[in-house]
Each structure stands twice: as structure tokens, then as C-alpha cells.
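# Breakdown of the fold
As a plain string of letters, each chain reads:
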Protein chains: 2
Amino acid sequence: MGTRTGLSTALLTDHYELTMLQATLCDGTAQRRSVFELFARRLSGGRRYGVVAGTGRFLDALENFRFGDDELRFLRDAAVVDDATLDWLADFRFTGDVWGYPEGELYFPGSPVLVVEGTFAECVVLETVALSVLNHDSAIATAAARMTAAAGDRPCIEMGSRRTQEWSAVAAARAAYVAGFAATSNLEAGRTYGIPTTGTAAHSFTLVHDSEKEAFEAQVAALGSGTTLLVDTYDIAEGVRNAIAAGGLDLGAVRLDSGDLAQVAASVRAQLDSLGATTTRITVTSDLDEYAIAALAVAPVDGYGVGTSLVTGSGVPTSGFVYKLVAREGADGSLVSVAKKSKDKISVGGRKFAVRRRDERGIATAEVIGVGEQPDSDHDDRTLLVPLVTKGERVDRASLEDARRHFRSAIGELPAGALRLSKGDPALPTVYEEH
Amino acid sequence: MGTRTGLSTALLTDHYELTMLQATLCDGTAQRRSVFELFARRLSGGRRYGVVAGTGRFLDALENFRFGDDELRFLRDAAVVDDATLDWLADFRFTGDVWGYPEGELYFPGSPVLVVEGTFAECVVLETVALSVLNHDSAIATAAARMTAAAGDRPCIEMGSRRTQEWSAVAAARAAYVAGFAATSNLEAGRTYGIPTTGTAAHSFTLVHDSEKEAFEAQVAALGSGTTLLVDTYDIAEGVRNAIAAGGLDLGAVRLDSGDLAQVAASVRAQLDSLGATTTRITVTSDLDEYAIAALAVAPVDGYGVGTSLVTGSGVPTSGFVYKLVAREGADGSLVSVAKKSKDKISVGGRKFAVRRRDERGIATAEVIGVGEQPDSDHDDRTLLVPLVTKGERVDRASLEDARRHFRSAIGELPAGALRLSKGDPALPTVYEEH
């Protein structure tokens, strides 16, 4: 998993998790068996569905959630917790169980995307790192899914690294890939996750040369005629002529990064065809989002490069997942459902189970959540929770390609209309079955 | 600078930077002396000003921008570039100069926030990492500045880690601190940057106990009566009674995380006072943004905990900075101004210099940008660009506390009305002086 393996994730944690740990170690409640769930109360931004992403990254982070000397020294020097708590942290190793929706699965309001069971102490310290990973990655994957749906068969390329924090960029490339993007510009994502990377040249490349013609010739000489030439630094029509002059009729593609893309793409297509470059593709990249992509459906465009909008979640930069205690051991040793009563933030207590209900044609009809036990099942239900960690050992080894496949399959089950880009209700109702 | 020192940042780079490198190494333009500038064409979201943050992090990233064996192996295996380019990268060390606005400074459309000068090759490869850091951190700092302005003398605490990518969270805590936040919940930010961390308990802490009373007693026993008790898990009035029963009249604070905060804070204040707990503070934390903070100005609230809205830039999650070649050596060795002509994305060519013009009372009146040379200066101008890296050596050693001070001073110079939260024009006009 690349260079960041081994980097401790233990301090990617809110201070209050460790003070809660200290207080519960004092009175013994730290040892109470507990169930925490990660779920969203609603789909922000009127989304029709959410896409689960980050599960694999969370499991990586969990493996590196260790308090070494450096972490303990900081906690001691900053007086975050007392010595007894530091001793407990020094030995920390998650020994509980985690179930979750497979990466690439869809989620709806109330879906128990992650279920973490163990002692209160070992579960409560994972709150922030679990939420950070899933909230970010799922927001990006959900935006990406809208874009790949709008793009249809045309490939989408992730190129938003520059518009988000440098390590978020790597996670964003990964999340976009889960939701159907074909490639990324981010080299670290290529190294860490094996995602195909792509890219050719920016305007600065043309500008550092004395003429566009010399720039294009240099690029074709270095990268071959299959390369993509950026033709809008000066005049586009002249840029296209220069491009074909440099790359010949085998030129791979031209890229357009400004102007009214539908109109420009049409005239560039006509020009390319008239020059005989009928196989030279057109890639567009200027401030695209899912709406712009949809609007270009009838334009002669062969691929989309998407940046800012993707990495910022296209208006919904975080998924709104929360991580809540839903059940814990009582004084008598039995598991008790719990939920806060806070106004406007009510949760459903109790351990959840979930299935995707489907009709006889395999079309999803509901997100069915069993409280306390599995929903009454018929043969078309699809079980959503899979074991990820068992007694502290990671048992899930789904690859990123598995996640891509899972995504394609899950989104293929949605009913007609679910892929609409307009704001609205979730594509499936969430149905609770309480026993 | 914490555990991540030494981690290579070299692949936090878009693929096309290395293909441009290869092509310019082939034809010799790689060696052309070049000036790149990082600037924003506009202030997104109708912001009145932007806050520069991330400068220190960018300089850290630059020190770690080295292609080691792992990085080179990936580039070779994935066939990103040819062997000659790999050889060049293996020896890479930035040997040029960087000037920038000091961290904490304000910026306006066109402000040359970062100026990077060196060979084309060594400048072009820094594009993505520079933009990623500055675009993220400045967006967060700009949102934070609006919040601290709205909060006045009341402290703001950053607690948004869970709603953004796990390493973005650390950077966000740092950026918020630059713009006046008092503390963060993020422990890694405490370790890496020395930012004060804070936190006490979540609802899960109350719920794992058999009663709220037992939870509060356990917390006070572990953390002392100066702690903050979260009183809205069940009934707030009873929570406040339980809190004072457990913590006594010395109880540090109560926290409210739900409901109509203005109304609830007023009734909790009255209740606390009637119980004699007149020094017990009230902290509020439920989905706050700068508008909610402003609306609570007359409520009896002593501090604000801000999460989601802060770490997502309060509607503007990225700053819109671009990194453009503005001048480069021509065939005759002299420096030539360059700029692309693309429709809707026109840039001003030429190396920029910048001053903040101020009137006789020290109030800022304009952002004056000299193209090609320093603006004609009068004695109230403040020079904005400072040397950060000279001949490859980092010369800037501004601390985070320096950045906080710089921010307070810079924002104190703005004219009346500049701190309005409503959307509008930049607080200062940008004036170009061309010679």
C-alpha cells in the first residue's frame, strides 16, 4: 500500500476519545462490550444514493492504529491523559469485530455502513479515523458516480489533485476509481493503489517554447503521435492545424480547456475530419461537473477530465456519516440498546442488520434494516454487511478492482430514475424492521 | 514537524508534469529560466478577502520533494517517463528561488501569493504540490477568519476532523489556528504543529453508563471539576442539574450540541445562575458556521466548537489558485513575459511584485501589483513578497505563531465593512501598474 504503510494513524483522533477512555478506565465501563455504527441520517444535497468508499483505506488505517513511543511521548508531554491510560494505549490492539458494506456498495439514510463491536474502549478510539476516511472517500465516490453516469461510455479522468489537500488528492483518485473513473493524473495514486495514470502537457509547456508549433513538435518527438496536444493556448483553429502538422493523422487526441466546450468541440471535430484526422479524439477539461458532462452528451467529445468539482464532492464535500454507540453491555452483562434523545439528532438504538430488497426482476426496491436481528428475508434479498475484521484480524481482502465491480453491479440494480441528477428523495426507501 | 517528515512528496504530482519534463529535456527548453506564479483569478463565493495559509507546509513539502528508489521504480515500471528523465529526477533538488506572501497575509484577485523562479524543469514539477497545499489550507483559513471575526472575543475551537480526509484534518486544524482559532480537537495537529488540543466527552460516554449521573460523576472523578460536561443526551434541564450535582459550582463548562442554541443557551444560563454556578461556561457545537456564530452574538455563549463548515471551507472548499508560467528565457537569453490567450482564462504575463497600499491612518486601500518591477511606492506601502527559498535553501523560518500574528495585523488594516459576511466585491481593488 505504498510509502505510507507503517505511519501511525493513532493520533488522527479527537482529544475527547482519549479523555473518555481515561474516565471509563477509571470506573470500569471501558470494558463493557459495545456496538458502534457508522451511518448517515440523510443523503446531503438531495442525492438519490450514496456510494461507500474508503473501506479498504479504513482497514489499512486500523492496522496502523498503534501508539508508539512518539505518540505516547506527545500524549504525556501535553498531559492529554494520565499514566494508566498511557499504559493501556501502549498495548492497544483492536481485538473486536468489524462488519461493513463492501466498498463500492450503495447506501441510503440509516444504512449501517460500518458496525464495530468490541469493548467500549477499543471502539470509541476509532471514531475519528473511521469517520474521516469514510466521510471523505464516500463523498468523492458519490460525486464520481454521478459523473460516470452522465458520461455513459465515455471515459472520465480524475485530475483534481491541485484543488484539494495533497493526501486527500490520493484518496480522491482512489474513490473516483471505485465509482467508475478510468484513470487519474495523480502519480501517488498510481504508485499506492495501482490506478492507471495519465497526462501530457499544460499551457506552460506551449508557453516555454518560442511557438506552439515547436512545442507540439517537441511533444510528439518525446511522447509519440499517440499523445494528446493541448490546442487552446492561442487560437484554437490554428492550434488544431499545428497539432495535425506535428502529429499527423495518427495524432491521439487534442485537449480543449476553455470556452464553450459544446460549440468548440463541434467545430474542432469538423476541422479534424476535414483534415482527415478522423480518429483523433477530443478530450475536454474545463471546470466540468456532472451537469456539464450531461450537457455535452450530444457533443463530439471522447473523454472528460474532471477536477475541482470531483474532489470537492460536487457541492457535497462530506458524507455526513456519524459514529454512534447503539448498544452496550448493561450491569447484568446483557446487551442493551441505547440512543441519545437530543432534539433534531435522534438515532435508532440497537445493533443493525441490513439487506437490499429486490423484486423478481432483480431491481432494488428497499433498504431493509433489521434492528437487533436479520430482517425477515425472502430469496431476492441481498445481505449487505460482510465481515471485515474478526477478533482483531482483517479478513476482508477485497481489491480495488473488486470494489469497482461491486459498484457497477450495485448501481445496475437501481430502479429507473435513480440516476437522475436533480435533487430529490433517495432512490430507495429505508424500512426498519423491529422485532 | 512530526512523523511525516521524510515521507517523499515527489509523487504528489500530476502525470503531465513529468511528461512535460521529458519533452523539454529532449529539446533543451527544460533549462530555460522561468517564473511561475500562484494566484487566484477571483475570490470564490463572493468572499471579501482571502487568507494565505499553507506556506510553511509547502516549504516542508518542498524539502521532501525527492525521488528515491521507490518513486523511481514506480515511474519506470509504469513507463511514465524515459530513462533520461528518470536520471534527471534521481538527482532532483530544487535550486531556484521562491518568494511568497507571508503565511497569515491576506490576498485578493491577482495577488502573486507565490512566485517560483528557476529552470522550467525544476519549477514545472512543483505545480501540483504547491497548489494542493495552498488551495486547501487557504480555503480553510479564509473560512476560519470569517468565523473568528463573527465570534469576536469568544474562542473558536476546531473540531471538524471527522468530516474531512484524515490528513486534511491535520492541515485544516493548522490553517484554522493561523486564522485565529484557539485550539483543535485533533491530536496529530497537537503533536505535529504544537497547536493546543482540547476535548472531554461525546454522547457515547453518557450512553455507556447506566445513568447520566454516573457518567458525569465518572468524568469529574477522572478529569476534575474544570471539565466540560455534555448535557443534551437526554433532557437538558435535568442534564444541567446532574452536571452541577457532579461537578459542583466550580464546574468548568457545559456543552450543548443540539436544538435551538440561542434559546437553549439562554435557559441553561438562567438555570446555571439560579443554581449558583455563575462561573460555569456554556460551549455550543451543533453545525455552526459563521452565520450561526454571528446569530449567537447576543446569546450567553462562552465558546464555539466548529466542525463540518470549517473543514469544508464553509461553501468554498478550494481557493481557486492556479500556477502559471508568466515569464521565461527566450532564445536570446532575455526574460520574456508570456500568457495564454484562452477565452475566459486570460492571465497577465510578466513577473509580479506586490504592495498593500495604505492611507495615512494605516488603513489598506488597494492591492497594487507591479508588472515587471516594484510598484512606484510611497511610504505607507507594505511590501508583500518575502523570500522563502533562495538558491534552493529555505530561508523562511516563520513559526505558526508568527503566522497568527501576521494574520491579526493584516486583517486589522482592512477598511470598515471588509469583515461583512455577505457576498460581495473584494474589500480592496487590485491595481496593476505596468511599466
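Only a predicted model underlies this, so the values are computations on that prediction, with no experimental measurement involved.

Criteria and cut-off values
Residues numbered from 1 in each chain as written. Chains lettered and ligands numbered in written order. Predicted model: local features only at pLDDT ≥ 70, side-chain atom pairs only at ≥ 80, totals over all residues. Heavy atoms only, no water. UniProt positions renumbered as here; feature names shortened; annotations may be inferred. Helix = DSSP H or I, 4+ residues; strand = E, 2+ residues; numbered from the N terminus. Expected span 1.5 Å × (residues − 1). Buried < 20%, exposed > 50% of the residue type's maximum accessible area, 1.4 Å probe, protein only. Contact = heavy atoms within 4.5 Å. Polar contact = N/O pair within 3.5 Å; in protein donor to acceptor, adjacent residues only side chain to side chain. Buried area = accessible area lost by both parts, 1.4 Å probe. Salt bridge = Lys/Arg side-chain N within 4 Å of Asp/Glu carboxyl O. Nonpolar A, V, L, I, M, F, W, Y, C, P; charged D, E, K, R; others polar. Phe/Tyr/Trp six-rings, centres within 6.5 Å; stacked < 30°, edge-to-face > 60°. Least-squares fit on C-alpha atoms with pLDDT ≥ 70 in both. Pairing = 2+ DSSP bridges. Disulfide = S-S within 2.5 Å. Domains from an automatic or database assignment.

### Side note on the UniProt feature "domain: Nicotinate phosphoribosyltransferase N-terminal" (unreviewed entry) in chain A
- UniProt's entry tags residues 11–135 of chain A with the feature "domain: Nicotinate phosphoribosyltransferase N-terminal" (unreviewed entry), counted in the numbering of this structure.
- Taken as a whole, residues 11–135 of chain A contains 42% helix and 18% strand, while its terminal C-alpha atoms sit 18 Å from one another.

### What to know about helix α11 (residues 236–247) of chain A
All names here are of chain A.
- In a regular helix each residue adds 1.5 Å, so 12 residues correspond to 16 Å; α11 covers 16 Å between its end C-alpha atoms and thus fits that length.
- By the burial criterion, the buried members of α11 are Ile236, Gly239, Val240, Asn242, Ala243, Ile244, Ala246 and Gly247.
- Summarising the contacts, the buried residues of α11 are in contact with α10 (212–223), β8 (228–230), β9 (253–256) and α12 (261–275).
- Near the N-terminus of α11, the side chain that reaches the backbone nitrogen of Ala237, with its oxygen 3.4 Å away, is that of Asp235.

### Looking at the interface of chain A and chain B
- With 98 residues of chain A in contact, the opposing surface of chain B contributes 98 residues.
- With both chains or domains summed, chain A and chain B bury close to 8100 Å², and 58% of this area falls on carbon and sulfur atoms.
- Across the contact surface, chain A and chain B share 12 salt bridges.
- Between Arg32(A) and Asp210(B) there is a salt bridge whose closest N-O contact spans 2.9 Å.
- Scanning the region where chain A abuts chain B turns up 51 residue pairs in polar contact (both at pLDDT 80 or more).
- Broken down by element, the side of chain A that touches chain B gets its largest block of residues, 11 residues, from helix α1 (residues 15–27) of chain A.
- In terms of residue class, the side of chain A that touches chain B is made up of 36 nonpolar, 37 polar and 25 charged.

### Here we look at the packing of aromatic side chains
Residue and element names in this part refer to chain B.
- All told, the structure shown has 14 aromatic pairs over all chains when counted by the stated rule.
- A ring pair is formed by Phe65 and Phe92, whose centres lie 5.7 Å apart and whose planes are at 75°; its orientation type is edge-to-face. One end of the pair, Phe65, is in the loop between α2 (55–63) and α3 (69–77); the other, Phe92, is in the loop between α4 (83–90) and β3 (97–100), and 27 residues separate them in sequence. Exposure class is identical for Phe65 and Phe92. Each is buried.
- On the numbers, 4.7 Å between centres and 50° between planes, the contact of Tyr107 with Phe321 is tilted. Here Tyr107, found in strand β4 (residues 106–107), pairs with Phe321, found in strand β12 (residues 321–329); they are 214 residues apart in sequence, far enough to count as distant.

### Comments concerning the relation of the copies chain A and chain B
- With an axial shift of 0.0 Å and an RMSD of 0.0 Å, the rotation relating chain A to chain B amounts to 180°. Seen this way, the second copy is the image of the first under a two-fold rotation axis.
- When the interface residues of chain A are mapped onto chain B, 100% of them again lie at the interface, so the same face is used by both copies.

### Thoughts on the sheet that holds strand β19 (residues 430–434) of chain B
All names here are of chain B.
- The sheet built from 4 strands is open, its strands ordered β16-β14-β15-β19 with mixed pairing. Taken across any chain shown, the strands that pair with only one partner, and hence form the sheet edges, are β16 (382–383) and β19.
- Pairing geometry for strand β14 (residues 352–358) and strand β15 (residues 364–371), over 7 bridges, is antiparallel. Considered in β15, the bridge of Lys352 is made with Val371.

### Observations regarding the state of the cysteines
- This model, assessed by the stated rule, comprises 0 disulfides over all chains.
- Free of any disulfide, Cys123(A) has its nearest cysteine sulfur in Cys26(A), 19 Å distant.

### Quick look at the domain arrangement of chain A
Residues and elements named next belong to chain A.
- Under the domain assignment used here, chain A contains domain 1 (15–125 + 320–434) and domain 2 (148–314).
- Each of domain 1 and domain 2 has a C-alpha centre, and these two points are 38 Å apart.
- The interface of domain 1 with domain 2 comprises 14 residues on the first partner and 17 residues on the second.
- In total, about 1300 Å² of surface goes out of reach between domain 1 and domain 2, with carbon and sulfur atoms giving 61% of it.
- It is Leu400, Arg404 and Leu421 in domain 1 that bury the most area against domain 2; as a group they hold 45% of the surface buried on that side.
- The interface formed by domain 1 and domain 2 contains 1 salt bridge.
- Of the charged contacts, one joins Glu103 and Arg174 as a salt bridge, the two residues approaching to 2.6 Å between their closest N and O atoms.
- The interface formed by domain 1 and domain 2 includes 7 residue pairs in polar contact (both at pLDDT 80 or more).
- Those elements that provide at least two residues to the side of domain 1 that touches domain 2 are α2 (55–63) and α15 (400–412).

### Remarks on the pairing of β14(B)
Residue and element names in this part refer to chain B.
- When you tally the buried positions in β14, you get 6 out of 7 residues, the bulk of the element.
- Hairpin connection, β14 to β15: the antiparallel pair is bridged by 5 residues, and Gly362 has positive phi, about 85°.
- Sheet topology note: the β14/β16 ladder contains 2 bridges and is antiparallel. In the strand pairing of β16, Val355 is matched with Thr383.

### Examining the pattern of salt bridges
Residues and elements named next belong to chain A.
- Applying the stated criterion to the full structure yields 63 salt bridges over all chains.
- Ionic pairing is found between Glu63 and Arg394, a salt bridge with its closest N-O pair at 3.3 Å. Pair noted here: Glu63 is in helix α2 and Arg394 is in strand β18 (residues 393–394), with a separation of 331 residues, a long-range link.
- Between Glu413 and Arg358 there is a salt bridge, and its shortest N-O distance comes to 2.6 Å. Placement of the pair is Glu413 in the loop between α15 and β19 (430–434) and Arg358 in strand β14 (residues 352–358), with a sequence separation of 55 residues.
- The network of salt bridges with shared partners includes Glu105, Arg356, Arg358, Glu367, Arg382 and Glu413.

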